[in-house]
Amino acid sequence: ENQLEVVFDPSIDVGGRFMACTGGWDWAPYTNTKQGDANTFSKGIWKHVYMVATALASASMTHVVPQISYKGEYPIEPLVDGGHGGFKVDVRIFLSAPAATVGELSFKLDTVTEGSAKVAVPAGES
């Protein structure tokens, strides 16, 4: 069984500062808390949290970040398949490995576009 515990350090003085969305009017629950004389609001995790078990001789993808650019002139009407300047797609992949390893990273964008590359992944985040 895996367990994740998040503890917020109460000694950190926030001076009543908070993200507006944690004031209960948006998606976060409202809490009626104080630090000293200053009102505080919900504290919470604002990025992804997950636990992954990765075999020693393998790696896991932690993030995939695509960047897509239109290669044609600035469009002034909706694009039509086959009638535009095309796109440039760059993808950055972040990996994590418990120990240095070597492998092959494969991709497939559609029924035509695919490829692979040999990669050396150092131990830790990369």
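Data block above holds the structure.
The model shown is predicted, which means the values in this text are computed figures rather than measured ones.

Visitor: An account of the overall build of the chain is needed here, citing residue identities and associated values.
Guide: The helix and strand tally for the chain stands at 0 helices and 7 strands. From first element to last, N terminus to C terminus, the chain shows the α and β order β-β-β-β-β-β-β. Each of the 126 residues in the chain was classed as buried or not, and the buried ones make up 13%. When contacts within the chain are restricted to residue pairs at least 6 apart in sequence, long-range pairs at least 24 apart make up 42% of them. For the chain, the computed accessible surface area is about 10600 Å², with 56% contributed by carbon and sulfur atoms.

Visitor: Before we move on, could you go through the sheet that holds strand β7 (residues 124-125) and cite the residues and values that matter?
Guide: The strand order across the open sheet built from 3 strands is β3-β4-β7, with neighbouring strands paired in antiparallel fashion. Both outer strands of the open sheet, β3 (60-70) and β7, are each paired with one neighbouring strand and no more. Inspection of the sheet shows strand β4 (residues 87-97) paired to β7 by 2 bridges, in the antiparallel sense. Bridged to A97 within β7 is G124.

Visitor: Describe the pairing of strand β6 (residues 114-121), naming the residues involved and giving the relevant values.
Guide: Pairing of strand β5 (residues 101-108) with β6 involves 8 bridges; the strand directions are antiparallel. Note that in β6 the partner of F107 across the bridge is G115. Hairpin connection between β5 and β6: a loop of 5 residues separates the two successive antiparallel strands.

Visitor: Break down the environment of V91 for me, citing the residues and quoting the values.
Guide: Turning to its location among the elements, V91 is positioned in strand β4. Spatially, the C-alpha atoms of V91 and V64 are 6.9 Å apart, while their sequence positions differ by 27 residues.

Calculation notes
- Starting afresh in each chain, residues are numbered from 1 along the sequence in its written order.
- Only residues with pLDDT of at least 70 get local features here, since the model is predicted, and only at 80 or more are side-chain atom pairs given and counted; chain-wide, interface and lining totals rely on the full set of residues.
- Side-chain measures were taken over the full set of non-hydrogen atoms in the model, leaving aside hydrogen atoms and water.
- Helix and strand definitions follow DSSP, with helices as H or I runs of at least four residues and strands as E runs of at least two, each counted in order from the N terminus.
- Type-normalised accessible area, obtained with a 1.4 Å probe on protein chains alone, sets the label of each residue: buried when under 20%, exposed when over 50%, and partly exposed for intermediate values.
- By definition in these notes, contact holds between two residues if any of their heavy atoms fall within 4.5 Å.
- Accessible surface area values rest on a Shrake-Rupley calculation with a 1.4 Å probe, where residue burial reflects the displayed protein chains alone.
- Two strands are counted as paired when DSSP detects at least two bridges linking them.

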